[in-house]
Amino acid sequence: MTGSGREPDGESDESDESDESDESDDEEIEQAAAAAFARTAHEEGREDVTNDPLPQPLCGRAREQEVLDRLLLELREGRSRALVLRGESGVGKTALLAYLAGHGLAGRVVRTAGVETDAELAYSNLHELCAPLMDHFDRLSPAQQEALSTALGLGGGSAGHLLVGLAVLDLLAEAAVDEPLVCVVDDVQWLDGMSAAILAFVARRLDAEAVALVFAVNTTASALRPANARLLAGLPELRVEGLADEDARALLAAVLPEPADPEVLDRIVADSQGNPLALLELHRNHG
Ligand SMILES: Nc1ncnc2c1ncn2[C@@H]1O[C@H](COP(=O)(O)OP(=O)(O)OP(=O)(O)O)[C@@H](O)[C@H]1O
Ligand SMILES: [Mg+2]
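Here is what the cut-offs are and how they apply
Per chain, the residues get numbers from 1 upward, laid out in the order the sequence is written. Numbering of ligands from 1 and lettering of chains from A proceed in the order in which they are written. Side-chain atom pairs in this predicted model are given and counted only at pLDDT of 80 or more, local residue features only at pLDDT of at least 70, and totals for whole chains, interfaces and linings cover all residues. In this text, helices come from DSSP runs of H or I with a minimum length of four residues, and strands from runs of E with a minimum of two, each type numbered from the N-terminal end. Here exposure depends only on C-beta density: within 10 Å of a residue's C-beta, 20 or more other C-beta atoms make it buried, 12 or fewer make it exposed, and intermediate numbers make it partly exposed, the C-beta atoms being placed from the backbone. C-beta atoms are first placed from the backbone for all residues, and any pair lying within 7 Å is then listed as a contact. By this rule the span expected of a helix is its residue count minus one, scaled by 1.5 Å. What the arc describes is the spread of directions from the helix axis to the C-beta atoms. The predictor rates its confidence in each residue with pLDDT, a number between 0 and 100.

A. Spatial organisation of the environment of Ala119. For Ala119, the position within the fold is in the loop between strand 2 (108-113) and helix 4 (124-130). Ala119 gets classed as buried once you count the C-beta atoms within 10 Å, which come to 20. When neighbours within four sequence positions are excluded, Ala119 is seen to be in contact with Gly114, Trp190, Leu191 and Asp192.

B. Structural detail: helix 2 (residues 62-76). Along its 15 residues, helix 2 runs 21 Å from first to last C-alpha, staying within 8% of the 21 Å computed at 1.5 Å per residue. Inspection of helix 2 places Glu64, Leu68, Leu71, Leu72 and Leu75 among the buried residues, and these make up the whole buried set. Each buried residue of helix 2 sits inside an arc of 95 degrees when the element is viewed along its axis, so together they form one side. In this structure, helix 2 carries Ala62, Arg63, Glu66, Arg70 and Leu73 as exposed residues pointing more than 90 degrees from its buried face. Where helix 2 is buried, its residues touch strand 1 (81-87), helix 3 (93-101), strand 4 (211-218) and strand 5 (237-239). Phi for Gly78, located one or two positions after helix 2, is positive at around 90 degrees.

C. Just the confidence of the model for the chain, in detail. Overall, the prediction assigns the chain a mean pLDDT of 83, with 79% of residues at 70 or greater. Scored below 50 in pLDDT, residues 9-51 makes 56 contacts in the model with residues more than four places away or belonging to other chains.

See the structure below:
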């Protein structure tokens, strides 16, 4: 067993929380389980997401791809990595996550994404991320098994947050024994708060398990929920900015059916500030 069987130390064990707060969590946990199982059913037949082919090659992004390539190379050498992609709506964070997940070096890939309407369902994102890895569940200590299964709505018992965090850490480590594991967590701003806290905890404690935890956070003011974003403060970061002008033109060239007036193209590129989604929408409007 490579997992450390990590248990919290003495008084810091949050599993000692009062019965009252455990009870108040019950309803939330049930809701989370219902939501998570609904999603799992929706994705029936998809055990996990492994090496999806990229829908289309990315325009530009050499620097960002290099960062992700390096992360995967280090992962192959057995080093764990956490990375947070930050950028505004439509700038290309999910496209970069798809590049990562579709990479030949990525090994096994599991993922979850925040959904605005599910943000109140405690542990729903954690369930989505961990569900494909549950064949490693029996390698956890009994206390971790109880905490994790309670959190994921699979059984009654105690779900102290610290124990859940340690259980997830060990579950990921166990899953990475045979091949590196990449965990992709998109739209962090909409993760349910419990999952965000646990995943941030895990990201800070990764060591030599060959696990990568890669997050994407939307920094557009209207989408940003500071609480989740703050949880990831201090982790290694990759700022995703607009495309350079020539890359923006290449993106337009790829979607235009025929060559367009260079002045119109220049205006679209300038108006979009290199934001790929804006480029695609502006081009549609001009079309
Ligand atoms: N480098 C790129 N080359 C070509 N197309 C791109 C590139 N980056 C993004 N796109 C396309 O632009 C659109 C927006 O990108 P994406 O969904 O990745 O943005 P995002 O940062 O995840 O936005 P949000 O925060 O709203 O989720 C998508 O259609 C995507 O395929
Ligand atoms: Mg996105």
